[in-house]
Amino acid sequence: MDPPVKKMRHLKRIRMHVVTWNVATAAPPTNLNELLLLNNECENMDMYVIGLQEMKSGIINYISELAFEDPWSKLLMDVLAPLGYIKVTSIRMQGLLLLVFARRLHVPFISDIYTNYTRTGLYGYWGNKGGVSISFRIYGYAICFLNCHLPAHLTNNDQRLIDFDKILEMQNFENDNIPNILDNDLIVWFGDLNFRIEEFGLCFIHESIQKGLYSILWHKDQLNIIKKSDSLLQQFQEGPLLFKPTFKFDINSEEYDSSEKRRKPAWTDRILWRLNQKLQNTSKNFKEPERFFSLELKCYQSHMQYKVSDHKPVTGTFELELKSLMLTPLVTLIPEGRWITPYDLVVSYNRSPDFKSSSWDWIGLHKVVIRHLKDCVTYAWVKDNLVSSEKGLYQVYINASGFPEEGGEFLLSYYSSNLKAIVGLSEPFQLCRNNLSPEDWREKKGDPLMY
């Protein structure tokens, strides 16, 4: 009777929501609930992946954002952090931004986090076009998200392909197991890819859109045409385009371009994915494979109600099903007893035998609502503050000078410098305010650390 239980423990279903939006330098709208599917209680996501293009990137904005969060990142963290999502990482290259958020329960199983970028504008010297990527392992599987902004205009189709090939060639990681982007188990490629509709005139395209005859336009979509002959692009899958072309609209409108240029509508904003061929072959094995990973597209849609840009955002909702290669976190943190502020504390933890620690590892104390991995109120270097290590149990001292006097609900994290990730999170616990003087406390408890 044990094998079925074992299978259930291994099997994970992760719902992932991918957003791509060319925001045309606009400030974020006040409400992103529809875009993030937050109004639907049935759509509880495990992960959000948000890729933006054409963010405002002038010199004043750049200098300001060195000291402060950009307005899009700030709003997304303000919305998602109270719901239990933590920003795993992000990368910015001029107007391109890519962010990954995950539910707290998944964070200790996300490791080997790497980011990269490739400039293709002005012959590779300018970052107005190109690609940014985030790669990591989740439950043992390598995933990469690639947000691209490719050259515009109908006649630049060949240049789009050249730039995409260059981005793939340049997107190498400091990872011996995943030397190239195509070696990942899953690549999700999205962004303002700028592919256009060929041959048809403006009036015919408008009429086809009004009648909902999208399939007629698909046949002249440049990306669909190229995929028929390009062996690499054939490996990327995409859902059916059952929504209106997402470019180009008048700002603050649902009407297509009414300017003198009268640009033709097109599906410039796309989301595609590629499963590693070896992984697909393994998944088709009738015997239970050592590795099992599948991806199913649940919804592919645009969101016409957002009008701050001349592009409409596009989202893809996926369900990952995988056989977890990790059943427990690499580090287990043990907050003992009831913690008291403002007294110094000792944290206990144990670690997996195959976990390699570093001199730069640290343990952080966080409020329960965590915006990003390094959002802690205080921390301690594991090596420098080690108190004892006996029988696989390690204890680290944390100075109380950074503790919030008001107390509240907190949790602990263990950050691995080697894996660039949090590899252990404690359960939430109460940090209580103590009104006794240090002398009275010592006399009462005999131990100023914890009870």
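Structure report, in brief. Given the structure is predicted, the values throughout are model-derived calculations rather than measurements. (Residues numbered from 1 in each chain as written. Predicted model: local features only at pLDDT ≥ 70, side-chain atom pairs only at ≥ 80, totals over all residues. Heavy atoms only, no water.)

1. What about the overall build of the protein?
And step 1. Per the secondary structure count, the protein includes nine helices and 21 strands.
And step 2. Burial status across the protein gives 53% buried among its 451 residues.
And step 3. A fraction of 69% describes how many contacts in the protein between residues 6 or more apart in sequence connect residues 24 or more apart.
And step 4. For the protein, the accessible surface area stands at approximately 21,500 Å², while carbon and sulfur atoms represent 50% of it. (Helix = DSSP H or I, 4+ residues; strand = E, 2+ residues; numbered from the N terminus. Buried < 20%, exposed > 50% of the residue type's maximum accessible area, 1.4 Å probe, protein only. Contact = heavy atoms within 4.5 Å. Areas by Shrake-Rupley, 256 points an atom, 1.4 Å probe, with all protein chains shown as cover.)

2. Quick word on the sheet that holds strand β10 (residues 293-302)
And step 1. With mixed pairing, the six strands of this open sheet are ordered in space as β3-β4-β2-β1-β11-β10. The sheet is open, and its two edges are formed by β3 (85-93) and β10, each paired on a single side. The mean inter-strand angle of the sheet, taken between neighbouring strand axes irrespective of direction, is 15°.
And step 2. Along the sheet, helix α3 (residues 71-80) makes contact with β1 (11-22), β2 (47-53), β3 and β4 (96-103), crossing β4 at roughly 15°. (Pairing = 2+ DSSP bridges. Axes fitted to C-alpha atoms, helices over the stretch in contact; angles between N-to-C directions.)

3. Some remarks on the environment of Gly 130
And step 1. By the secondary structure assignment, Gly 130 is in strand β6 (residues 126-138).
And step 2. Taking the C-alpha atoms as reference, Gly 130 lies 5.5 Å from His 149; in sequence the two are 19 residues apart.
And step 3. Here Gly 130 is in contact with Met 93, Leu 96, Thr 118, Thr 120, Asn 147, Cys 148, His 149 and Ile 167, once residues within four sequence places are set aside.

4. Examining the nonpolar core
And step 1. By size, the foremost hydrophobic cluster in this structure holds 82 residues, and its most contacted members are Phe 145 and Ile 363.
And step 2. When residues of this core are assigned to domains, at least three fall in each of domain 1 (4-323) and domain 2 (331-444).
And step 3. Once residues lying within four places of it in the same chain are set aside, the contact partners of Phe 145 are Met 16, Met 47, Val 49, Leu 98, Val 100, Val 132, Ser 133, Ile 134, Phe 136, Val 188 and Phe 190.
And step 4. In this structure, Trp 21, Leu 37, Leu 97 and Tyr 306 belong to the second largest nonpolar core, which totals 22 residues. (Core = buried A, V, L, I, M, F, W, Y, C linked by side-chain atoms within 4.5 Å. Domains from an automatic or database assignment.)

5. Digging into the pattern of salt bridges
And step 1. The full count for this structure, using the stated rule, is 15 salt bridges.
And step 2. With a shortest N-O distance of 3.0 Å, Asp 78 and Lys 74 are connected by a salt bridge. Taken together, the residues span about one helical turn, with Asp 78 and Lys 74 both in helix α3 at a distance of four residues.
And step 3. Relative accessible area serves as the criterion here: at 32%, Asp 78 is assigned to the partly exposed category.
And step 4. Relative accessible area serves as the criterion here: at 40%, Lys 74 is assigned to the partly exposed category.
And step 5. Residue Arg 263 pairs with Asp 257 through a salt bridge whose shortest N-O separation is 3.9 Å.
And step 6. A relative accessible area of 26% places Arg 263 in the partly exposed class.
And step 7. By sharing partners, the salt bridges in this structure join Glu 69, Lys 74, Asp 78 and Arg 371 into a single network. (Salt bridge = Lys/Arg side-chain N within 4 Å of Asp/Glu carboxyl O.)

6. Section: helix α5 (residues 202-210)
And step 1. Listing the buried residues of α5 in full gives Leu 202, Ile 205, His 206, Ser 208 and Ile 209. Buried residues of α5, seen end-on, are gathered within an arc of 165° and therefore sit on one face of the element. For α5, exposure combined with an orientation more than 90 degrees from the buried face picks out Cys 203 and Gln 210.
And step 2. Those residues of α5 hidden inside the fold are in contact with α6 (214-218).
And step 3. Two residues or fewer after α5 comes Gly 212, characterised by a positive phi angle close to 70°. (Arc of directions from axis to C-beta.)

7. Concerning unusual backbone geometry
And step 1. With an omega of 0°, the peptide bond between Phe 247 and Lys 248 qualifies as cis.
And step 2. Mapped onto the elements, Lys 248 comes out in the loop between α7 (222-227) and β9 (269-275).
And step 3. In this model, Gln 94 sits at a positive phi of 50°, which is unusual for a non-glycine residue.
And step 4. Secondary-structure assignment places Gln 94 in the loop between β3 and β4.
And step 5. Its relative accessible area of 23% is what places Gln 94 among the partly exposed residues.
And step 6. A positive phi angle, close to 60°, is found at Asn 252, a residue other than glycine.
And step 7. By the secondary structure assignment, Asn 252 is in the loop between α7 and β9.

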